[in-house]
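Descriptive analysis of the structure
Residues per chain, in single letters:
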Amino acid sequence: MAYRPSQRRSFEIEPTEPNLTPIMNLMVVLIPLLLSSAEFVKLGVIDLNLPPAAGPLQASVKLPREGTRSLDLLLMISETQFVVSCSLPQAVFRNKQQLVILWDAKEALMKLQDLLYFIKQKTPNYYRNRNRIRIQASTGVKYQLIIDVIETARTIKRKNSKTLLFPVVQLSAGVL
């Protein structure tokens, strides 16, 4: 049986408004959650000074003043050892080794920290870049070891107080 056209027109669809309450509740919860998680991400960042990019847009380099010395402390990491070099006279290192063998990582990091503390103590005040260390890692070195070395080179804990060693860390662009 066919419906009459008049009955089809009698059903009018009322316009309905969308219910925005659940979406608003979701936004009230998500916005503070995202803002608070952004702070946690910031805490996990390690400040590094990467080597400058070479190119024509590079700013002019300031030349050192005459009569000042630079420490030029370099720590080279290979898979088996740490090698420390700097511009201090060799007479300073008469009783110290500049080579730390990496058999046990914790022990090697402690020896490295002692060596860096010794260098920090023996560096005269007239040296430039007394707070800077360059780290150069060979291929095959684990990333966690590089992070541990960076943390080791920044501070040392002596007599229940933290002492700054070399807080400005630069990663070198060279490969061993």
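Here, the structure is the one placed above.
Summarised in this report is the structure supplied together with it.

Rules of the game
- All residue numbers refer to positions counted from 1 along the written sequence of the respective chain.
- Side-chain atom pairs in this predicted model are given and counted only at pLDDT of 80 or more, local residue features only at pLDDT of at least 70, and totals for whole chains, interfaces and linings cover all residues.
- Hydrogens and water are ignored here; the side-chain numbers use all heavy atoms of the structure.
- Put simply, DSSP marks the helices as runs of H or I at least four residues long and the strands as runs of E at least two long, and each gets a number from the N terminus on.
- Burial classes follow relative accessibility: with a 1.4 Å probe on protein chains only, a residue under 20% of its type's maximum area counts as buried, one over 50% as exposed, and anything between as partly exposed.
- In this description, contact between two residues means that some pair of their heavy atoms is separated by no more than 4.5 Å.
- Exposure was quantified through the Shrake-Rupley algorithm and a 1.4 Å probe, taking into account, for residues, occlusion by the shown protein chains and nothing else.
- Salt-bridge detection follows one rule: a side-chain nitrogen of Lys or Arg within 4 Å of a carboxyl oxygen of Asp or Glu.

1. Examining the overall build of the protein chain
- Within the protein chain one finds four helices and nine strands.
- Starting at the N terminus, the α and β elements of the protein chain follow one another as α-α-β-β-β-β-α-β-β-α-β-β-β.
- Across the 176 residues of the protein chain, 24% fall into the buried class.
- Long-range pairs, those at least 24 residues apart, make up 64% of the contacts in the protein chain with a sequence separation of at least 6.
- Carbon and sulfur atoms make up 58% of the accessible area of the protein chain, which totals about 13800 Å².

2. Some details on the pattern of salt bridges
- This structure, assessed with the given rule, holds two salt bridges.
- Ionic pairing is found between Arg-158 and Asp-114, a salt bridge with its closest N-O pair at 2.7 Å. In this pair, Arg-158 is assigned in strand E7 (residues 155-158) and Asp-114 in helix H3 (residues 105-122), connecting sequence segments 44 residues apart.

So far we have only geometry, and geometry alone does not tell us how the molecule works.
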